[in-house]
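Survey of secondary and tertiary structure
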Amino acid sequence: MTGIEAHVAKPYELGWETDIESEKAPVGLNEDIIRLISAKKEEPEWMLEWRLKAYRHWLTMTEPTWPNVKYPPIDYQAIHYYAAPKQDKKPTSLEEVDPKLLATFAKLGIPLTEQKRLTGVAVDAVFDSVSVATTFKGKLKEAGVIFLPFSEAVREHPDLVRKYLGSVVPTTDNFFAALNSAVFTDGSFVFVPKGVKCPMELSTYFRINATSTGQFERTLIIAEEGASVSYLEGCSAPMRDENQLHAAVVELVALDDASIKYSTVQNWYPGDEEGKGGIYNFVTKRGACRGRNSKISWTQVETGSSITWKYPSCILQGDNSVGEFYSVAVTNNRQQADTGTKMIHIGKNTKSTIVSKGISAGRSQNTYRGQVKIMKSAEGARNYSQCDSMLIGDQCGAHTFPYIDVRNSSAVMEHEASTSKIGEDQIFYCQARGIKAEDAVSMIVAGFCKEVFRELPMEFAVEAQNLLAVNLEGSVG
Amino acid sequence: MLDIKNLHASVEGTEILHGVNLKVGKGEVHAIMGPNGSGKSTLAQVLAGHPAYEVTEGTVALAGADLLDMSPEERAQAGVFMAFQYPVEIRGITNAYFLRAAVNAVRKARGEPEYDTIDFLDVLDEKLKVIGWEDTFLTRAVNEGFSGGEKKRNEIIQMAVLEPKLAILDETDSGLDIDALKLVAEAVNTLRAPDRSMVIVTHYQRLLNYITPDYVHVLHNGRIVRSGGKELAHELEAKGYDWLRQEAAVAG
């Protein structure tokens with residue numbers, strides 16, 4: 001271990017477990033399990049049919065092998081596809097929610113009770129396969145905004161869900177999206193009607209607690225004409241020796257003049273120093289800019305998970321629509337990340353911006369994979385891509401796979417890439433000014449990620465920066 | 001203030017300093033001159049604690065404390081400042097932020113309260129007034145996209161803000177045109193103080209036209225071979241460094 005590496009290894013702070021009895025579906029996956037999940041969620045018949053169709057298609061598919069990550073085969077029959085904290089009856093208000101669950105979220109920094117909850121941020125708290133509580137539902141309803149756990153939305157707003165579900169990520173899209181479509185349990189549903197600017201930040205916090213389970217959440221956000229919304233998700237899980245699968249699907253739809261800002265601070269358990277345990281974070285996130293002048297912006301800070309596989313993308317269909325992707329991906333120890341974005345330009349004068357910052361430490365592998373596709377119809381399209389990699393120590397790897405496909409000669413494409421190393425000289429320079437080596441690393445990394453951090457909602461920018469500092473602590477020295 | 005005795009130091013197993021002896025009193029300004037490869041920069045780096053240099057023999061005392069026993073940040077906290085010959089860039093971090101981090105790290109180590117952002121701007125203002133420079137540097141990222149001259153000036157700003165007890169200027173004049181050189185020298189002069197010692201490492205005499213040292217030492221082959229007053233610098237300028245080699249050859 002060189003000097004620098006000694007500064008990046010530190011324990012995962014959210015790795016504790018809530019001692020709560022959970023009710024699980026029998027292990028394994030078959031049509032009966034899917035029926036069970038659907039019944040638990042009291043879903044209408046069409047929803048079950050949709051799931052079964054996805055499942056039958058999934059059976060014909062094979063797991064992708066193209067990502068630049070390595071892991072032993074996943075036994076899909078060894079996973080519990082549904083786990084929920086046991087409760088006698090369904091809580092109808094916060095007072096009826098098991099205090100252990102409220103305490104769990106409070107400990108994670110997400111207080112849900114009336115007195116303590118974050119002002120200005122509405123939170124949906126998801127524990128294993130169920131939503132525990134959603135705050136500010138009433139206030140949002142007054143503004144016309146629907147913010148509900150997905151399973152409630154299916155029951156209460158079936159027409160909206162049916163209209164948009166699977167319209168951006170079809171059930172057949174890819175192996176993990178198909179699996180998610182078959183077994184998804186909870187997640188958030190957001191609908192912002194025409195002309196409404198959502199009055200507060202919306203946020204969902206996902207917590208995996210039960211053993212041998214997977215979490216398969218589904219999120220759907222719709223912004224009608226002229227509407228706008230900013231949404232943030234956070235997540236964590238206990239430390240376990242087993243790998244747990246998290247296969248989510250997120251779909252965003254923006255109509256004319258609408259804008260959606262979607263931010264992620266991902267801190268799933270990354271596994272131990274030798275790579276034992278940790279979450280497999282295999283996620284499909286995609287937004288459709290359907291309307292003219294619509295905008296979808298993804299910001300992600302990825303620090304956790306043993307393996308990350310996700311490409312939040314934008315389909316720029318409406319003329320003048322804008323897609324953005326700002327990403328910080330940090331890997332340490334044995335973590336592997338293969339992440340990036342796809343920007344598909346279909347409409348005229350569509351514009352996309354990609355800013356990706358990869359930081360690798362320890363013996364980790366960090367890959368940026370991005371595609372920019374300019375279709376024939378996309379007259380006057382523009383893309384700006386910037387991919388920067390930073391290496392800490394000499395045992396890690398940074399990889400960049402940019403795919404560019406231009407079919408309209410009026411397109412303007414810019415691509416910049418850089419690779420840098422936190423050098424002994426940079427650290428020494430800070431030390432010579434009185435700053436400790438660990439603090440120097442945090443500072444250098446924060447400076448490197450600045451363009452991404454400033455895209456985060458203010459409430460979370462500081463948290464993200466701290467998270468990064470903790471995650472890299474111990475890897476230099 | 002600074003007492004170096006029989007200092008031997010090597011880099012990657014090759015000894016560069018072969019027994020340096022040097023005493024710098026409180027408030028004194030010493031110039032270390034010498035040809036390329038004489039060990040001048042090595043001496044500066046060793047004093048600042050660069051990890052690539054290994055001290056194999058000798059002692060260095062700073063106001064009686066064992067300097068070699070301290071980490072680089074402890075040295076800075078104890079009042080040592082080195083103006084780098086090649087200042088490093090730190091992308092995305094403004095000079096103002098960097099300076100506050102540095103000042104607060106030093107204050108924290110000394111048990112003094114840290115400055116918040118607003119208070120610190122006042123402190124900065126005041127320090128910049130001393131050297132009479134504009135604050136346009138402060139909002140730019142640390143040395144990022146700076147010209148050679150700007151980088152050197154930035155080092156002096158840091159020195160002004162950190163108020164060291166011992167300032168080591170490592171080839172601060174290299175890469176400066178005459179106007180920039182004057183500007184830097186004037187600032188350094190205003191920072192001379194009865195409780196601040198300076199060690200100015202330079203190849204050329206020209207910096208010493210503007211900063212008048214109390215003592216001049218000539219470093220050659222890792223040893224101080226000649227010490228004298230400021231006139232020694234002029235002698236070197238007139239004669240070059242060749243005579244040193246001849247003397248060394250005669251002596252050898």
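Here is what the cut-offs are and how they apply
- Residues numbered from 1 in each chain as written.
- Chains lettered and ligands numbered in written order.
- Predicted model: local features only at pLDDT ≥ 70, side-chain atom pairs only at ≥ 80, totals over all residues.
- Heavy atoms only, no water.
- Helix = DSSP H or I, 4+ residues; strand = E, 2+ residues; numbered from the N terminus.
- Rg over C-alpha atoms; globule rule 2.2 N^0.38 Å.
- Buried < 20%, exposed > 50% of the residue type's maximum accessible area, 1.4 Å probe, protein only.
- Contact = heavy atoms within 4.5 Å.
- Areas by Shrake-Rupley, 256 points an atom, 1.4 Å probe, with all protein chains shown as cover.
- Lys, Arg positive; Asp, Glu negative; His and termini not counted.
- Charge placed at Lys NZ, Arg CZ, Asp CG, Glu CD.
- Pairing = 2+ DSSP bridges.
- Axes fitted to C-alpha atoms, helices over the stretch in contact; angles between N-to-C directions.
- Expected span 1.5 Å × (residues − 1).
- Phe/Tyr/Trp six-rings, centres within 6.5 Å; stacked < 30°, edge-to-face > 60°.
- pLDDT = per-residue confidence, 0-100.
- Buried area = accessible area lost by both parts, 1.4 Å probe.
- Salt bridge = Lys/Arg side-chain N within 4 Å of Asp/Glu carboxyl O.
- Polar contact = N/O pair within 3.5 Å; in protein donor to acceptor, adjacent residues only side chain to side chain.

Quick notes on the overall build of chain B
Within chain B, the regular secondary structure consists of eight helices and twelve strands. The C-alpha atoms of chain B give a radius of gyration of 18 Å, which matches the 18 Å a tight globule of 252 residues would have. Taken along the three principal axes of its C-alpha coordinates, chain B extends 60 × 40 × 35 Å. Per-residue burial for chain B yields a buried fraction of 53% across its 252 residues. When contacts within chain B are restricted to residue pairs at least 6 apart in sequence, long-range pairs at least 24 apart make up 69% of them. As presented, chain B carries roughly 11,100 Å² of accessible surface, and 48% of it is formed by carbon and sulfur atoms. When the 26 basic and 37 acidic side-chain charges of chain B are each reduced to a single mean position, those positions are 2 Å apart.

Let's talk about the sheet that holds strand β2 (residues 14–24) of chain B
Residue and element names in this part refer to chain B. Read across the open sheet, the four strands follow the order β2-β1-β4-β5; overall the sheet is antiparallel. The open sheet has two free edges, formed respectively by β2 and β5 (65–66), since each of these has just one partner strand. Examined bridge by bridge, strand β4 (residues 53–62) and β5 share two bridges and lie antiparallel to one another. In the sheet register, alanine 61 faces β5, and the bridge partner there is aspartate 66. Docked against the sheet, helix α1 (residues 40–48) engages β1 (2–11), β2 and β4, running at close to 105 degrees with respect to β1.

Points about helix α5 (residues 148–162) of chain B
Residues and elements named next belong to chain B. With 15 residues, α5 should reach 21 Å at 1.5 Å per residue; the first-to-last C-alpha distance of 21 Å fits that figure. Among the 15 residues that make up α5, 13 are buried, leaving the element largely enclosed by the rest of the structure. Looking one or two places after α5, you find glutamate 163, whose phi comes out positive at around 45 degrees.

Regarding the sheet that holds strand β3 (residues 29–33) of chain B
Residues and elements named next belong to chain B. Here we have six strands laid out as an open sheet, ordered β6-β9-β10-β3-β11-β12, and mixed in their pairing. Of all strands in the sheet, those bounded by a partner on one side alone are β6 (80–83) and β12 (223–228). Pairwise comparison of adjacent strand axes, ignoring direction, gives a mean angle of 20 degrees for this sheet. Two elements, β3 and strand β11 (residues 215–220), share four bridges in a ladder whose sense is parallel. Considered in β11, the bridge of methionine 33 is made with valine 218.

A word on the environment of isoleucine 131 of chain B
Residue and element names in this part refer to chain B. Examined against the element boundaries, isoleucine 131 turns out to sit in helix α4 (residues 117–131). Isoleucine 131 sits in the buried class, given a relative accessible area of 8%. Between the alpha carbons of isoleucine 131 and threonine 212 there is a distance of 17 Å; along the sequence they are 81 residues apart. With near-sequence residues (within four places) excluded, isoleucine 131 lies in contact with Ile157, Ala160, Ala187, Thr190 and Leu191.

Some words on the packing of aromatic side chains
Residue and element names in this part refer to chain A. One pass over the structure, following the stated rule, counts 25 aromatic pairs over all chains. Aromatic side chains tryptophan 50 and phenylalanine 184 sit 6.4 Å apart centroid to centroid with 80 degrees between the ring planes, which places their arrangement in the edge-to-face category. One end of the pair, tryptophan 50, is in helix α2 (residues 45–59); the other, phenylalanine 184, is in the loop between α7 (175–183) and β6 (188–192), and 134 residues separate them in sequence. Accessibility classification places tryptophan 50 together with phenylalanine 184 in one group, the buried group. When the ring of tyrosine 262 is compared with that of tryptophan 298, the centres are 5.0 Å apart and the planes differ by 55 degrees; the resulting orientation is tilted. With tyrosine 262 in strand β12 (residues 259–266) and tryptophan 298 in strand β14 (residues 295–302), this residue pair connects regions lying 36 residues apart in the sequence. Accessibility classification places tyrosine 262 together with tryptophan 298 in one group, the buried group. Each member of the aromatic cluster is reached from another via a ring pair, and the members are Tyr55, Trp58, Trp66, Tyr71, Tyr76, Phe175, Phe176, Tyr280, Phe282, Trp309 and Tyr311.

A look at the confidence of the model for chain A
Of all residues in chain A, 90% have pLDDT values of 70 or greater, and the mean over the chain is 86. When mean pLDDT is taken per element in chain A, strand β16 (residues 313–316) of chain A scores highest with 98 and helix α10 (residues 458–472) of chain A scores lowest with 66.

Examining the interface of chain A and chain B
Counting residues at the interface gives 22 residues for chain A, matched by 33 residues for chain B. Of the roughly 2,100 Å² buried at the junction of chain A and chain B (both faces included), carbon and sulfur atoms supply 63%. Contact with chain B buries surface across chain A, with Phe428, Tyr429 and Arg433 of chain A losing the most and accounting together for 39% of the total. A salt bridge links arginine 433 of chain A to glutamate 155 of chain B, with the nearest nitrogen and oxygen atoms 2.6 Å apart. Applying the counting rule to chain A against chain B returns twelve residue pairs in polar contact (both at pLDDT 80 or more). Mapped onto the side of chain A that touches chain B, the elements with two or more residues apiece are β21 (382–391), α8 (424–431) and α9 (437–453) of chain A. No other element matches α8 of chain A, which puts seven residues into the side of chain A that touches chain B.

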